[in-house]
Amino acid sequence: MAMLANAHDSAKRFITFDSAKTVLFVYVLLTHSLRAQRHLRARGVTQTISEFWTWLCQRVILLALRLPSVKQKVDGQIDEARLKIENSLVPKGPDVVRHLALPIEGRSPEWILQEMDKMDSESGKHANWKNGRLSGAVYHGGEDMENVIVDAFRKYCVSNPLHPDAFPAVRKMEAEVVAMCLRMYNNPDGAGTMTSGGTESIIMSVKMHRDWARAVKGITEPEMVIPISAHAAFDKAAAYLKVKLHTIPVDFETRKVNISRLKRAINSNTIMIVGSAINFPDGCMDDISALSALAKKRNIGLHVDCCLGSFIVPFLEKAGFPCEMFDFRLEGVTAISCDTHKYGFAPKGSSVIMYRNAELRRYQYYISTGWPGLSFLFFCDNLPIILSFVPFQPQYGYSVRHRVLEAFLSFPSPPSSFPHTSSSSSSCLSMFADSC
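Right, let's walk through the structure included here. The shown structure was predicted, so the numbers you read here are calculated from the model rather than taken from an experiment.

### A short note on the nonpolar core
A general trend in soluble globular proteins is that nonpolar side chains are found buried together. In terms of nonpolar packing, the biggest core is built from 46 residues, with Y185, L262, I273, I288 and M354 touching the most fellow members. When residues of this core are assigned to their parent elements, the largest contribution, five residues, is made by helix α6 (residues 168–184). Look past the residues within four positions of L262 in its chain and what remains in contact with it is V225, I248, V257, I273, L291 and L294. Within the second largest apolar cluster, 26 residues are counted, among which are V206, L241, L245 and V274.

See below:
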């Protein structure tokens, strides 16, 4: 008993309030030092100093904006800019009618169509997309495809994918669209889902990788590393899902992400890296093979963003055009996003997010067992599903995509009628890059 009492007294002397504070201080110091070391390693000294300077300038500006005279001047400039934007987007004038309340009496179909025609003419500006005078906003597969899409929507316009038991055809079409995309990207045994667009596909992929890393690797402070040229949806996903984001510069000439810089940014909290095939800023493809090898070596995810490349890049090799490997044939690739509403020629908005296997897809889902309502949640409405199924049939879309490639490759350099444009040396399909 005496020995136990002496041990208890010794423990009490050792575990004092001051020693507990010291231990806590050391823990906090080490934790923040490790975070600072990871940040510095990922960003480099120059970028870290630049970011700190930017942060400091923002704080100073925010303090200055509290001064009444400065605030009044800035508010006036913001109001002026807002009014200018509003005037350019919102039709105004004595002949413009705005419908801000439900009509007392119902309108006829003829009136509705006439009113839509009137709205189209009110702005005085028309997007001449049918004659190729609009870039990056419309992906049109021709009038024949448009007619079939309209007929298909008429057939299923009241269907509800929340109830696949009542509308099994919609569920079947979704499964088949995903299966076609998986085969197109050389992973017929993979898994995936349809989403409302490329942004949602990317957010779902980041969510999957975050939850996978937490469950499998115990990562509670997730980070991801992306090229500066990657789509802004990755920034949005990082903000939504509380994932720290590191952006890596691209080579000035090739426009591919700097692999050595990206490799340096990976640490024990990294859940995924990203490559584009192709990217939006200049239509170039990152070195997906190098990224795949890196992801496999470090046991992290690799998302390949093919939202823009979608239904052109997978056919380049088969059509005899030069193209580096980018799909699930590379062992490090864990997810690919592919927009069906671009060169799949389905209407906005629809996309497919694909995973290497069904086990990874499981981490995309959110399950709630406590809610007393409907326990099955579908993530996509019926319109993208049905209208993605139509253009996938061989009669529609294939020849249009081939003409897109032929048109792009027929220009050794950008047309002289396109000012300030240049064709990047690594741009592999339907884009010209602005050099100004």
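### Structural notes on the packing of aromatic side chains
A full pass over the atoms with the stated rule returns two aromatic pairs. Judged by centre distance (5.9 Å) and plane angle (25°), the rings of F52 and W55 are stacked. Taken together, the positions of F52 and W55, both in helix α2 (residues 17–64) and three residues apart, correspond to about one turn of that helix. On the basis of relative accessibility, which here comes to 43%, the residue W55 falls in the partly exposed class. Ring centres of Y185 and F326 lie 6.0 Å apart, and the angle between their planes is 85°; this geometry places the pair in the edge-to-face category. Of this pair, Y185 sits in the loop between α6 and β1 (191–195) while F326 sits in the loop between α11 (313–316) and β6 (335–339), placing them 141 residues apart in sequence. A relative accessible area of 3% places F326 in the buried class. When the ring centre of Y156 is taken as origin, the NZ or CZ atom of K155, which lies over that ring, is 5.7 Å away. In this arrangement the basic side chain of R362 is found over the ring face of Y363, its NZ or CZ atom lying 4.7 Å from the centre.

### As for the pattern of salt bridges
Following the criterion strictly, the structure yields 14 salt bridges and no others. The residue D282 makes a salt bridge to R255 at a minimum N-O spacing of 2.9 Å. Highlighted residues: D282 in the loop between β4 (270–276) and α10 (288–298) and R255 in the loop between β3 (244–248) and α9 (259–265), separated in sequence by 27 residues. Residue classification places R255 among the partly exposed residues on the basis of a relative accessible area of 25%. One salt bridge connects R329 with D327, and the closest N-O pair in it is separated by 3.0 Å. Under the relative-accessibility criterion, D327 is labelled buried at 1%. Taken together, the shared-partner salt bridges in this structure form one network comprising K207, R210, D211 and R214.

Rules used in this analysis
Residues numbered from 1 in each chain as written. Predicted model: local features only at pLDDT ≥ 70, side-chain atom pairs only at ≥ 80, totals over all residues. Heavy atoms only, no water. Core = buried A, V, L, I, M, F, W, Y, C linked by side-chain atoms within 4.5 Å. Buried < 20%, exposed > 50% of the residue type's maximum accessible area, 1.4 Å probe, protein only. Helix = DSSP H or I, 4+ residues; strand = E, 2+ residues; numbered from the N terminus. Contact = heavy atoms within 4.5 Å. Phe/Tyr/Trp six-rings, centres within 6.5 Å; stacked < 30°, edge-to-face > 60°. Lys NZ or Arg CZ within 6 Å of the ring centre and 35° of its normal. Salt bridge = Lys/Arg side-chain N within 4 Å of Asp/Glu carboxyl O.

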